[in-house]
Amino acid sequence: MKKLLLASTILAGLTGAAFADGHEVKMGVILGFTGPIESLTPDMAAAAELAMKETAGKVLDGKTVVSVRADSTCTDAAAATAAAERLITAEGVVGIMGADCSGVTTAIANNVGVPNGVTMVSPSATSPALTTIEDKGFFFRTAPSDARQGQVLADVLKDKGITKVAVTYTNNDYGKGLAEAFGAAFKATGGEIAISAAHEDGKADYSAEVGALSAAGAEHLAVFGYVDQGGKGIIQTSLDTGAFDKFILADGMIGESLIKNIGKDLEGTIGTLPGSESDGAAKFKEVATAGGLAKNDGPFMPESYDAAALMILAMEAAKSTDRAAIQSKMMDVANAPGEKILPGELAKALEILKSGGQVDYEGASNVTMTEVGEAAGSYKELVVKDGKFETVKVR
Amino acid sequence: MIDFLNALTLFANFVLIPGLAYGSQLALGALGITLLYGILRFGNFAHGDTMAFGTMTVVLITWYFQSIGISFGPLPTALLALPFGIALTALFLILSDKLVYKHYREVKAPPIRMVMASVGVMFVMNGVVRFIIGPNDQNFMDGERFIMKARAFKNATGLNEGLAIKSSQLLTVVIAIVLVSALFWFLNKTRTGKSMRAFSDNEDLALLSGISPQRVVLVTWILVGALATVAGVLYGLDKSFKPFTYFQLLLPMFAAAIVGGVGHPVGAILGGFVVAFSEVTVTYAYKKFLTYLLPTEYAPDGLMQLLSTDYKFAVSFIILVVVLLVKPTGLLKGKVI
Amino acid sequence: MSNSLRALLGFGTFAILLYLVGEYQSWNVALAILNLCIISGVMALGVNIQWGYAGLFNVGIMGFAALGGVAAVLVSQPVIEAAWAAGGSGVLISGVMLLIVIGLGFFTAKRLQAGWFRTLSMVVIILGGYFAIRQVYDPAVLAIEADNPAKSGYLGGLGMPIILSWIVGGLFAAGVAWIIGKISLGLRSDYLAIATLGISEILIAMMKNEDWLTRGVKNVTGLSRPVPYELAIQDNPRFIEWVEWFNSSQLAGFTGEAKVAALRSLVVEGSSIFVKLCYAGLFLSVLVIVLILCVTALASPWGRMVRAIRDNEVSAAAMGKNITRRHLQIFVLGSAVVGIAGAMLTTLDGQFTPSTYQPLRYTFLIWVMVIVGGSGNNLGSVLGAFLIWFIWIEAEPAGNWLMQYATQWMEEGSGLKRHLLDSAQHMRLFIMGVVMLTVMRFSPGGILPERTNTTTIKA
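Conventions adopted
- Residues numbered from 1 in each chain as written.
- Chains lettered and ligands numbered in written order.
- Predicted model: local features only at pLDDT ≥ 70, side-chain atom pairs only at ≥ 80, totals over all residues.
- Heavy atoms only, no water.
- Helix = DSSP H or I, 4+ residues; strand = E, 2+ residues; numbered from the N terminus.
- Rg over C-alpha atoms; globule rule 2.2 N^0.38 Å.
- Buried < 20%, exposed > 50% of the residue type's maximum accessible area, 1.4 Å probe, protein only.
- Contact = heavy atoms within 4.5 Å.
- Areas by Shrake-Rupley, 256 points an atom, 1.4 Å probe, with all protein chains shown as cover.
- Lys, Arg positive; Asp, Glu negative; His and termini not counted.
- Charge placed at Lys NZ, Arg CZ, Asp CG, Glu CD.
- Pairing = 2+ DSSP bridges.
- Axes fitted to C-alpha atoms, helices over the stretch in contact; angles between N-to-C directions.
- Polar contact = N/O pair within 3.5 Å; in protein donor to acceptor, adjacent residues only side chain to side chain.
- Domains from an automatic or database assignment.
- Buried area = accessible area lost by both parts, 1.4 Å probe.
- Arc of directions from axis to C-beta.
- Patch = residues over 30% accessible without salt bridge, like charges linked within 9 Å, V, L, I, M, F, W, Y side chains within 5 Å.
- Salt bridge = Lys/Arg side-chain N within 4 Å of Asp/Glu carboxyl O.
- pLDDT = per-residue confidence, 0-100.

Let's talk about the overall build of chain B
Logical step 1: Check the secondary structure of chain B and you find 14 helices and 2 strands.
Logical step 2: A compact globule built from 337 residues should have a C-alpha radius of gyration of about 20 Å, and chain B, at 21 Å, falls within 12% of that.
Logical step 3: Relative to its 337 residues, chain B shows a buried fraction of 61%.
Logical step 4: Put simply, of all contacts in chain B between residues at least 6 apart along the chain, 75% involve residues at least 24 apart.
Logical step 5: When the accessible surface of chain B is summed, it comes to about 13000 Å², and 69% of that surface belongs to carbon and sulfur atoms.
Logical step 6: For chain B, the separation between the mean place of its 25 positive charges and that of its 16 negative charges on side chains is 8 Å.

The structure is reproduced here in structure tokens:
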């Protein structure tokens with residue numbers, strides 16, 4: 001039996017990544033297709049697959065990277081680990097674009113990704129705790145850590161002269177982590193947090209939460225939640241009861257659907273979102289539209305595109321689909337020196353790498369990796385004006 | 001004086017009105033549970049999902065009406081769809097009785113078996129609802145959203161605090177009153193209703209006196225379907241429809257039914273309001289309220305919150321435990337109808 | 001068909017299914033499924049003790065499993081000195097105060113005559129105690145949570161080997177079960193169901209919000225392991241040698257660079273398998289021990305008494321058996337087993353995430369396992385756990401495939417087709433419900449029905 005066991009392991013290995021011989025190279029896309037952020041993930045996956053489509057037939061002398069999707073559920077660590085296990089050991093993916101939520105991402109990285117030596121690039125796991133996991137250099141992210149966003153938000157408020165806010169966050173590691181980071185940064189600038197209270201996603205009624213928030217006596221409400229979950233409910237209830245009408249939103253709350261659902265009462269709302277108004281962001285919109293995507297500026301879409309693109313470029317730079325080789329080249333393609341590469345220019349980048357040159361992938365979200373493998377990150381300051389999120393400036 | 005009015009408005013806006021609406025919704029749900037308990041003698045775990053199923057049919061019919069241009073003036077279109085939804089839900093429940101519960105009744109299985117069977121039905125309904133309409137939030141409220149807006153109230157009265165009344169809140173209370181009165185009239189005055197009460201009091205005696213058990217069971221399921229659908233739709237209109245939240249309503253509804261006295265319709269209503277108001281009052285932060293009422297030097301610094309909102313739904317359970325310990329039969333003596 | 005034949009067939013089917021997964025997906029996937037099957041098996045045994053032996057309907061499995069998880073954190077994580085210095089004493093003092101308030105409450109309830117005076121003093125003691133405790137507790141908690149919140153912000157654990165937590169988890173669950181049992185076991189049977197459902201939700205709410213204890217929703221990740229780490233084995237020369245020797249025939253076909261690469265990938269794959277086998281060994285020994293204890297207990301005079309109580313409470317009471325006492329005992333024992341399984345699960349995950357605990361997954365799924373496998377029959381519950389977990393995991397790919405197949409004839413891009421494909425995953429719940437109802441209806445004893453040792457009298 002044991003013999004059989006390892007014998008078939010070898011078979012799996014032979015047909016899998018290291019010895020892939022066909023014209024297809026598999027890349028895992030693990031996102032929460034069900035669960036709390038299920039409304040965001042289809043667009044994120046599509047953006048990642050856009051990068052694969054763009055380079056079809058051009059990687060490593062005529063290979064095509066294809067995506068294999070799996071569901072991280074966003075909350076269930078066991079299910080996410082099982083899905084990753086299937087991708088890595090059964091499907092033989094060379095790298096993983098994902099996961100999304102910080103909790104399951106940690107589980108996958110610790111239990112499957114790192115032990116198997118598979119590169120993971122998360123487009124949206126923003127928990128500060130991920131900076132310090134034992135990843136042996138296999139975990140990267142194109143979304144900046146929430147510690148940074150908390151700072152940016154505090155700066156925005158300081159510039160606006162807002163000194164007292166009520167904070168409500170979705171009761172998970174993202175919300176709580178961001179609320180703490182923001183709280184510390186805001187206090188450092190001399191601001192006051194009147195109350196910081198969690199809200200649970202998926203409840204039907206938030207009047208008690210809003211009642212408590214409004215009792216604290218702040219005029220502004222900072223909402224760190226999800227656009228199609230409790231965050232929306234909080235804003236709706238606040239407006240209905242007249243508790244708050246000035247809101248401050250973090251990245252998870254930014255989405256056209258919010259304005260569509262709530263309407264003109266949101267006018268003047270402030271928000272922050274990772275990204276930049278660089279050429280890359282504009283270029284990505286063009287590429288996304290040309291590629292026939294349903295949206296061209298959804299949350300975490302640029303980061304998803306970049307995550308997949310980085311791994312494809314690293315593959316070319318390593319001249320191999322070997323998992324370890326890909327990991328070793330990630331930093332090289334992400335950072336200077338080399339020719340700057342924007343979305344839509346992946347083919348050019350592949351040419352340069354093939355001829356032995358160097359690239360510095362800028363991508364849609366201005367990618368620069370810090371030494372622990374995460375984006376340093378710039379943020380857009382947004383304001384709702386005439387029923388639309390408009391960028392005020394980039395921080 | 002102004003301060004007193006401000007405090008009163010604040011309390012009404014955040015505690016009284018939401019509590020009243022939520023209490024009515026819970027009461028209707030608890031009535032369904034208690035009715036089933038009184039007559040068929042088991043606690044139905046599938047009740048939350050029955051509400052979800054009923055609401056789903058109403059949402060679908062509402063969408064159909066909207067697509068062909070039928071509307072109900074300032075009232076939500078869902079009210080027009082309600083009768084159809086009730087009929088479909090009742091049909092589904094009767095089917096589930098034929099396929100599942102009937103067998104256990106016939107073999108005189110212990111009630112706990114029926115409870116377990118209802119868990120199985122819950123699974124199936126869970127899957128069916130998600131399969132048809134998906135797990136997401138659905139907003140099907142149309143028509144006028146507000147009777148009074150917070151800002152309009154402030155401008156009109158010159159008070160600091162606003163008072164908002166949503167039309168769905170008023171609708172909830174009115175419909176709940178109408179439905180409950182109709183139910184009581186039915187149980188107390190009609191022949192069928194009386195025979196149901198007799199059946200609940202003493203099954204054997206009722207059978208001896210020629211009451212048809214099939215008929216009683218049938219009518220019970222129809223009533224349960226109606227109560228569940230109306231409760232679900234009102235809840236959905238007031239908040240929003242999401243299958244998972246309906247499952248989570250199960251605990252407060254059971255708490256309401258048991259607190260009031262299981263099998264006792266008046267108790268269910270009482271229990272609904274007890275649970276709803278305790279949830280809201282215990283987790284409300286009284287800082288602003290007290291600041292208005294007390295002289296400035298005594299104004300509180302803290303939030304004056306008894307329990308963090310994180311534990312909101314624990315409240316219903318704590319009440320349940322206290323009642324079970326102190327007065328196990330419930331506030332009104334249970335197990336009669 | 002005799003029970004032993006059924007058991008053989010059942011476990012045989014499971015083995016074949018697992019083999020097929022190993023062969024066509026990968027052995028890592030197969031072993032991952034097996035490990036969770038074993039844990040589910042232990043959990044199902046716990047439920048079976050309560051339902052099968054005594055007819056207690058416990059709908060709070062999730063809470064007891066989560067308590068096991070808490071034990072894993074508290075036992076294995078290192079002590080965080082700074083946090084203890086910041087608020088440890090405050091938390092300890094408020095704990096002592098809580099005990100005093102409870103003691104006073106009990107004393108008043110026992111000593112005073114029933115009446116308005118007793119009610120009043122109880123209210124004063126409870127409310128007064130509550131506010132007094134919060135005076136000490138709130139600042140202590142704030143201090144602890146303010147200590148390096150991004151990385152710790154909690155008291156940490158005891159820094160002991162995580163495997164000890166399996167026992168501690170059982171004790172935690174037993175303690176909580178004792179309290180719940182004291183409150184609700186004297187009441188009607190279905191009140192227990194509601195009580196357990198509620199208490200499990202409250203336990204989860206506490207774990208999510210009491211950050212000082214378990215870091216709440218920020219999760220505790222990177223728990224220590226009772227087995228070696230994959231990366232450590234991968235660099236272990238003896239392990240590499242062993243893999244090389246094991247696969248010498250396959251490796252013979254390669255030379256030079258290719259051989260090194262092939263060996264490397266085999267070592268990585270093998271290390272993962274090795275770790276999973278280690279876990280499987282540990283879990284399996286727990287399962288076997290619990291199973292043997294259960295079987296022995298059921299066959300003992302105690303087991304006969306318990307079943308007598310279940311089958312006819314009135315006559316058992318007439319025989320002088322203390323029913324409430326027995327029920328409490330069984331409730332505590334069963335919950336402890338679930339707690340052990342919960343600690344094992346957290347150990348396997350390597351992290352404690354309170355938001356993972358959902359009633360459908362951790363309570364009702366376990367119930368389906370027991371009903372399908374055979375309530376009252378220990379081996380049956382284990383078999384049910386194995387089969388149901390397998391279906392639960394493989395239902396996702398299977399459901400997708402089935403829907404793909406069923407919608408093949410439909411137009412590409414049609415709304416209905418998309419809807420059906422997107423909804424495939426919800427069929428899981430539907431299938432579970434139907435399986436449970438069907439088994440309950442047509443084979444109330446499950447796959448392996450309960451065996452009674454009485455000689456059957458032929459009618």
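Here we look at the overall build of chain C
Logical step 1: Along the backbone of chain C there are 19 helices and 0 strands.
Logical step 2: Over its C-alpha atoms, taken along the principal directions, chain C stretches across nearly 90 × 75 × 55 Å.
Logical step 3: Within chain C, buried positions represent 53% of all 459 residues.
Logical step 4: Considering only residue pairs separated by 6 or more positions, chain C has 81% of its internal contacts joining residues 24 or more positions apart.
Logical step 5: Accessible surface, chain C as shown: approximately 20500 Å² in total, 69% of it carbon and sulfur.
Logical step 6: Positive and negative side-chain charges of chain C, numbering 29 and 24 respectively, have mean locations separated by a distance of 15 Å.

Some thoughts on the sheet that holds strand β13 (residues 379-385) of chain A
Residues and elements named next belong to chain A.
Logical step 1: The sheet built from 7 strands is open, its strands ordered β7-β6-β8-β9-β10-β13-β14 with mixed pairing. The open sheet has two edge strands, β7 (192-199) and β14 (388-394), and neither has a second partner. In this sheet, neighbouring strand axes are inclined to one another by 25° on average, regardless of whether the strands run parallel or antiparallel.
Logical step 2: Bridge analysis of β13 against β14 gives 6 bridges, and the strand direction is antiparallel. Within β14, the residue paired with Lys 385 across the bridge is Lys 388.

What about the side chain of Thr 50 of chain B?
Residues and elements named next belong to chain B.
Logical step 1: By secondary structure assignment, the location of Thr 50 is in helix α2 (residues 47-67).
Logical step 2: Exposure remark for Thr 50: the relative accessible area of 1% places this residue in the buried category.
Logical step 3: A distance of 2.7 Å separates the side chain of Thr 50 from the backbone oxygen of Ala 46, its partner in a polar contact.
Logical step 4: Those residues in contact with Thr 50, other than ones at most four positions away along the chain, are Asn 44, Thr 89, Leu 93, Met 125 and Ala 228.

Examining the domain arrangement of chain C
By a widely used convention, the size of an interface equals the accessible area lost when the partners come together.
Residue and element names in this part refer to chain C.
Logical step 1: If you check the domain split of chain C, you get domain 1 (41-79 + 156-442) and domain 2 (80-155).
Logical step 2: Distance between the C-alpha centres of domain 1 and domain 2: 33 Å.
Logical step 3: With 14 residues of domain 1 in contact, the opposing surface of domain 2 contributes 15 residues.
Logical step 4: Interface area for domain 1 against domain 2, summed over the two sides, is near 1100 Å², with a carbon-plus-sulfur share of 51%.
Logical step 5: Contact with domain 2 buries surface across domain 1, with Val 79, Trp 212 and Arg 215 losing the most and accounting together for 60% of the total.
Logical step 6: Put simply, domain 1 and domain 2 have 8 residue pairs in polar contact (both at pLDDT 80 or more) between them.
Logical step 7: Among the elements that take part in the side of domain 1 that touches domain 2, helix α8 (residues 211-214) stands out by supplying 4 residues, more than any other.

So, the environment of Gly 12 of chain C
All names here are of chain C.
Logical step 1: Mapped onto the secondary structure, Gly 12 falls in helix α1 (residues 3-24).
Logical step 2: You can call Gly 12 partly exposed: its relative accessible area is 26%.
Logical step 3: Sequence-wise, Gly 12 and Gly 380 are 368 residues apart; in three dimensions their C-alpha atoms are separated by 14 Å.

Things to note about helix α10 (residues 237-246) of chain C
Residue and element names in this part refer to chain C.
Logical step 1: Residues of α10 that are buried: Phe 239, Val 243 and Phe 246. Taken end-on, α10 shows its buried residues confined to a sector of 65°, consistent with a single buried face. Turned more than 90 degrees away from the buried face of α10, the exposed residues are Pro 237, Arg 238, Glu 241 and Trp 245.
Logical step 2: The backbone nitrogen of Arg 238 has a side-chain oxygen 2.9 Å away, supplied by the residue at the start of α10, namely Asn 236.

Observations concerning the interface of chain B and chain C
Logical step 1: With 44 residues of chain B at the interface, the matching set in chain C holds 49 residues.
Logical step 2: The largest per-residue losses of area from chain B upon contact with chain C belong to Met 116, Phe 123 and Phe 131 of chain B, which jointly make up 19% of the total buried on that side.
Logical step 3: Across the contact surface, chain B and chain C share 3 residue pairs in polar contact (both at pLDDT 80 or more).
Logical step 4: Residue assignment for the side of chain B that touches chain C shows that the elements contributing at least two residues are α3 (78-106), α4 (111-133), α10 (243-248), α11 (250-260) and α14 (312-326) of chain B.
Logical step 5: With 17 residues, α4 of chain B is the single largest residue contributor to the side of chain B that touches chain C.

Considering a positive patch on the surface
Logical step 1: Together, Lys 189, Arg 191, Lys 194 and Arg 215 of chain B make up a region of like positive charge exposed at the surface.
Logical step 2: Note that Arg 215 of chain B resides in helix α9 (residues 213-238).

As for the confidence of the model for chain C
Residues and elements named next belong to chain C.
Logical step 1: When pLDDT is averaged along chain C, the result is 85, and 96% of the positions lie at 70 or above.
Logical step 2: Ranking the helices and strands of chain C by mean pLDDT puts helix α3 (residues 61-76) first, with 93, and helix α18 (residues 415-423) last, with 71.
Logical step 3: Per-residue pLDDT stays below 50 along residues 454-459; that stretch engages in 0 contacts with residues further than four places along the chain or on separate chains.

Comments concerning unusual backbone geometry
Logical step 1: At Asp 386 of chain A, a position not held by glycine, the phi torsion is positive, near 50°.
Logical step 2: Position of Asp 386 of chain A relative to the elements: it lies in the loop between β13 and β14.
Logical step 3: A relative accessible area of 65% places Asp 386 of chain A in the exposed class.
Logical step 4: Even without being a glycine, Asn 219 of chain C presents a positive backbone phi close to 65°.

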